[in-house]
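What follows is each chain in one-letter form.
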Amino acid sequence: METNFKSVHTPKDIIISTIVILAGVGSYFLNPALGVTLASCGLLMLCFFKKGYKADGKEQVLTKVAMDMSASYLQPLKDFLGGKSIDLNLGEASKGGPVRLEVYFNQAAELAYAQLYTFSNYTYEPAVGTIELHSKQAEKLISMFKK
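Everything numeric here is computed off the predicted structure, so don't read it as measured data. (Residues numbered from 1 in each chain as written. Predicted model: local features only at pLDDT ≥ 70, side-chain atom pairs only at ≥ 80, totals over all residues. Heavy atoms only, no water.)

(A) Just the pairing of strand 6 (residues 123-134), in detail. The pairing of strand 5 (residues 111-120) with strand 6 spans nine bridges and is classified as antiparallel. Pairing of L116 across the sheet is with V128, part of strand 6. Counted between consecutive antiparallel strands, the loop separating strand 5 from strand 6 contains two residues, among which N121 sits at a positive phi close to 55°. (Pairing = 2+ DSSP bridges. Helix = DSSP H or I, 4+ residues; strand = E, 2+ residues; numbered from the N terminus.)

(B) Molecular detail of helix 4 (residues 135-145). The complete set of buried residues in helix 4 reads Q137, A138, L141, I142, M144 and F145. End-on, the buried residues of helix 4 take up no more than an arc of 155°, which puts them together on one face. Of the surrounding elements, those touching the buried residues of helix 4 are strand 3 (63-69), helix 3 (74-82), strand 4 (99-106), strand 5 and strand 6. (Buried < 20%, exposed > 50% of the residue type's maximum accessible area, 1.4 Å probe, protein only. Arc of directions from axis to C-beta. Contact = heavy atoms within 4.5 Å.)

(C) Region of interest: the sheet that holds strand 6. One open sheet accounts for four strands, arranged 3-4-5-6; its pairing is antiparallel. Looking at strand neighbours, the two that pair on one side only are strand 3 and strand 6, the edges of this open sheet. Within the sheet, the average angular offset between the axes of one strand and its neighbour, ignoring direction, is 20°. The pairing of strand 4 with strand 5 spans eight bridges and is classified as antiparallel. Across the sheet, the residue bridging to V103 is A114, located in strand 5. Those strands touched by helix 4 are strand 3, strand 4, strand 5 and strand 6, and its axis lies near 130° from that of strand 6. (Axes fitted to C-alpha atoms, helices over the stretch in contact; angles between N-to-C directions.)

(D) Quick peek at helix 1 (residues 11-28). Helix length check: helix 1, at 18 residues, gives a terminal C-alpha distance of 26 Å against a target of 26 Å (1.5 Å per residue), a fit within 8%. Every buried residue belonging to helix 1 is among D13, S17, V20, I21, G24 and S27, and all of these are buried. Buried residues in helix 1, looked at end-on, bunch into an arc of 135°, giving them a common side. Turned more than 90 degrees away from the buried face of helix 1, the exposed residues are P11, K12, I15, I19 and L22. Turning to helix 1, the residues buried within the fold contact strand 1 (5-8), helix 2 (32-48) and strand 2 (52-55). (Expected span 1.5 Å × (residues − 1).)

(E) Local environment of the state of the cysteines. Under the counting rule described, the total for this entry stands at zero disulfides. Summary of cysteine pairing: C41 is not part of a disulfide, and the nearest cysteine sulfur, belonging to C47, is at 12 Å. With relative accessibility at 37%, the residue C41 sits in the partly exposed group. (Disulfide = S-S within 2.5 Å.)

See below:
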């Protein structure tokens, strides 16, 4: 079963959009054109500025991070995501390369979803489907991105 992710608002997104709208309303009395422009930008931000993600059927708001790494990390990542190995050290993996790891996570819930891609034919093709990780595996993966 494939997991789909939907963009959602985070509280931070709503606060920033509201501040821009209120700044537009406040500046309308000084310069109407500027006020309308700022308020319009705030409304557009409210419509399109979504930094959070939700998995189908889940309530936790997730954060997305991605890392590109060399091909030598492909097999260790497959082993880690497959549950064969709990020990994973990416070290200087973020130097770029043909392997891309995308992680959607919620640190408080100790929940993570990982997608592994390889770059070929000028596109990223899935190497492993979306894997749901819990507790120790999720925390290990999240800690690598929090450094």
